[in-house]
Amino acid sequence: AVVCITALTERECTPPRPRVHSRARGPTRRHRPGAITGGMDGPQQRLRAVASAQNGQFASAQALGVGLTFGVVRSLRDRGETIGMRRGVWRFRAAQGDPDMAVTAYLACWPHGVVSHASAAGHHGLQRVGAPLLPVITIPHGKTRRPKGVTVHHSRALAPCDVLTVGGVRYTSLARTVCDLSSGDDVWETLALLDDAVALGARPTWIQQRAVALAAGRDGVALLRAATRPDAAAEFRSWLERAAAHVYQVSGIPDPEWNVLVRDGAGVIGRVDALWPPWSVISEKEGLRFHTGPRQRRKDAQRFNRLADAGYAARRFGWEDVVSAPSDMAATVVRALRAAGADLDPARIPERIVLPGRPFA
């Protein structure tokens, strides 16, 4: 999902025709002070082009930059062509769609601001991150913009590679947005956010590079750095196995055999995470999505189908099932084992299970 850059209607984008002077009658009407005239290449048209790339909005400073005056900006308002969004920010009434408050905040800090954090997450399609109560803008250290109703962050490290320009609006890149939103106090939310970002197209190697550059003094970014190392997949899977073993133990589930090769009539199906041989029940855990590529995921799906054809009752769990709903995971395994004849008591499953430690500690 991307921010919808709203264009003005054709009628609104067309400047008024210049009045024709007749030698017999002279000008048909005296020009009013601040009236906007001129052809397609005039300042008014340039302003409309700027606004069309910014949700129909523009800053007063931008109007001055294209050659208009404050008097012209006020005349646009007086004629009802624009409405004031906040001090120094305007929007053409003919602009389509609803006003984007993040763009308004960006223009209130123009030209120094960058839409960032949760506001940038909405642009990138990170649906896990809710819309912020106030729009969030990051500006470089040394700048003093702090408009009311805007959450302003200052950064000493806002490299050009951390900024993405869409239309006329600047946003923090997907990798930088994930770094800004990461938190060492919420390991699972940070890892989930990282997983979502890679699913949306962010390259783990690029996130790794940015995390290395930004990790100093930031525990959440240090976690991203560790989770995107080349050896991170094995470390995370090892922790998942320890966490799952703990869940099975406290839930009264017999110890499974771990990392077992399973065969059918055609040969080796593959290695499964956990197997209860007396009941042919298998439990598989999926790690972070970006730790496996599309080819590996296709092979995993084929392997899962072969397990079912061979008579195994296989249950698959995402890593978020393990960390967010371990009791539900245990209940699913117990149901599969009971269906295969195991004598287990579901009442032994605790309502709340505390997992041992955390990965990438």
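Residues numbered from 1 in each chain as written. Predicted model: local features only at pLDDT ≥ 70, side-chain atom pairs only at ≥ 80, totals over all residues. Heavy atoms only, no water.

**Things to note about the overall build of the protein**
So, step 1. Across its full length, the protein holds 14 helices and twelve strands.
So, step 2. The buried share of the protein, taken over its 361 residues, is 44%.
So, step 3. Look at the contacts in the protein between residues 6 or more apart in sequence, and 63% of them connect residues 24 or more apart.
So, step 4. Here the protein has roughly 18,800 Å² of accessible surface; of this, 50% comes from carbon and sulfur atoms. (Helix = DSSP H or I, 4+ residues; strand = E, 2+ residues; numbered from the N terminus. Buried < 20%, exposed > 50% of the residue type's maximum accessible area, 1.4 Å probe, protein only. Contact = heavy atoms within 4.5 Å. Areas by Shrake-Rupley, 256 points an atom, 1.4 Å probe, with all protein chains shown as cover.)

**Remarks on the nonpolar core**
So, step 1. Leu191, Ile253, Trp276, Trp319, Leu337 and Phe360 are the most contacted members of the largest nonpolar core, which has 52 residues in total.
So, step 2. At the level of elements, helix H7 (174-181), helix H8 (187-199), helix H9 (204-214), helix H10 (219-227), helix H11 (232-250), strand E10 (267-276), helix H13 (319-324) and helix H14 (326-339) are the ones that each hand at least two residues to this core.
So, step 3. Top element by residues in this core is H11. It accounts for eight residues.
So, step 4. When neighbours within four sequence positions are excluded, Leu191 is seen to be in contact with Leu223, Ala227, Phe236, Leu288, Trp319, Pro359 and Phe360.
So, step 5. In this structure, Leu107, Cys109, Val150 and Val166 belong to the second largest nonpolar core, which totals 17 residues. (Core = buried A, V, L, I, M, F, W, Y, C linked by side-chain atoms within 4.5 Å.)

**What about H9?**
So, step 1. Where H9 is concerned, the buried positions are Ile207, Gln208, Arg210, Ala211 and Leu214.
So, step 2. Residues of H9 that are buried sit in contact with H7, H8 and H10.

**Describing the side chain of Thr82**
So, step 1. Here Thr82 shows up in strand E2 (residues 82-86).
So, step 2. What makes Thr82 buried here is its relative accessible area of 1%.
So, step 3. A polar contact of 3.3 Å, which involves the side chain of Thr82, links it to the backbone nitrogen of Arg77.
So, step 4. Residues contacting Thr82, with those up to four places away along its chain left out, are Phe58, Leu76, Arg77, Trp90, Arg91, Phe92 and Arg93. (Polar contact = N/O pair within 3.5 Å; in protein donor to acceptor, adjacent residues only side chain to side chain.)

**Here's the deal with the sheet that holds strand E3 (residues 89-92)**
So, step 1. Read from one edge to the other, the open sheet built from three strands follows the order E1-E3-E2, with strand pairing classed as antiparallel. Taken across any chain shown, the strands that pair with only one partner, and hence form the sheet edges, are strand E1 (57-59) and E2. For this sheet, the mean inter-axis angle between neighbouring strands, taken without regard to orientation, is 35 degrees.
So, step 2. Strands E1, E2 and E3 of the sheet are contacted by helix H5 (residues 101-108), whose axis makes an angle of about 15 degrees with E1. (Pairing = 2+ DSSP bridges. Axes fitted to C-alpha atoms, helices over the stretch in contact; angles between N-to-C directions.)

**Some words on the pairing of E3**
Successive side chains on a regular strand alternate, one facing one side of the sheet and the next facing the other.
So, step 1. Here E3 shows two buried faces, one formed by Val89 and Arg91 and the other by Trp90 and Phe92.
So, step 2. Pairing geometry for E1 and E3, over three bridges, is antiparallel. Bridge pairing in E3 places Gln57 opposite Arg91.
So, step 3. Sheet topology places E2 next to E3; four bridges connect them, and they run antiparallel. Paired with Thr82 across the bridge in E3 is Phe92.

**Digging into the packing of aromatic side chains**
So, step 1. The full count for this structure, using the stated rule, is eight aromatic pairs.
So, step 2. Residues Phe236 and Phe360 carry aromatic rings whose centres are separated by 5.9 Å and whose planes lie at 10 degrees to one another, so their mutual orientation is stacked. Of the two residues, Phe236 sits in helix H11 while Phe360 sits in the segment after H14, which places them 124 residues apart along the sequence.
So, step 3. Classification of Phe236 by relative accessible area gives buried; the value is 1%.
So, step 4. Ring geometry for Tyr248 against Trp258: centres 6.1 Å apart, planes inclined by 25 degrees, an arrangement best described as stacked. Of the two residues, Tyr248 sits in helix H11 while Trp258 sits in strand E9 (residues 257-264), which places them ten residues apart along the sequence.
So, step 5. Grouping aromatic residues by their ring pairs yields a cluster made of Trp188, Phe236, Trp239, Trp319 and Phe360. (Phe/Tyr/Trp six-rings, centres within 6.5 Å; stacked < 30°, edge-to-face > 60°.)

**So, a positive patch on the surface**
So, step 1. A cluster of like positive charges, contributed by Arg295, Arg297, Arg298 and Lys299, occupies part of the molecular surface.
So, step 2. Counting through the fold element by element, Arg297 comes out in helix H12 (residues 294-309). (Patch = residues over 30% accessible without salt bridge, like charges linked within 9 Å, V, L, I, M, F, W, Y side chains within 5 Å. Salt bridge = Lys/Arg side-chain N within 4 Å of Asp/Glu carboxyl O. Lys, Arg positive; Asp, Glu negative; His and termini not counted. Charge placed at Lys NZ, Arg CZ, Asp CG, Glu CD.)

**Thoughts on the packing of H11 against H14**
So, step 1. Packing of H11 against H14 leaves a shortest axis separation of 10 Å and a crossing angle of 70 degrees. On the basis of their axis angle, the class for H11 and H14 is roughly perpendicular. Considering how the two elements wind past one another, H11 and H14 form a crossing that is right-handed. Where H11 abuts H14, its residues Ala244, Val247 and Tyr248 lie against Pro326, Met329, Ala330 and Val333.
So, step 2. Of the residues belonging to the contact of H11 with H14, the class tally is seven nonpolar, no polar and no charged. (Parallel < 35°, antiparallel > 145°, perpendicular 65-115°, else oblique. Left-handed = near helix turned anticlockwise from the far one by under 90°. Nonpolar A, V, L, I, M, F, W, Y, C, P; charged D, E, K, R; others polar.)

**Focus: the sheet that holds E10**
Think of a sheet as strands paired side by side through backbone hydrogen bonds, with each pair either parallel or antiparallel.
So, step 1. Taken in spatial order, the four strands make up an open sheet running E9-E10-E11-E12, and their pairing is mixed. For this open sheet the edge positions go to E9 and strand E12 (313-318), each flanked by a neighbour on one side alone. Strand after strand, the sheet turns through a mean of 45 degrees between neighbouring axes, direction not considered.
So, step 2. Where strand E11 (residues 281-286) and E12 come together, six bridges link them in parallel fashion. Looking at the pairing, Glu284 lines up with Arg316 of E12.
So, step 3. With respect to the sheet, H11 is in contact with E9, E10 and E11, its orientation differing from that of E11 by roughly 135 degrees.
So, step 4. On top of the sheet, H12 reaches E9, E10, E11 and E12; it is set at about 80 degrees to E10, its chief contact.

None of this, on its own, says anything about what the molecule does.
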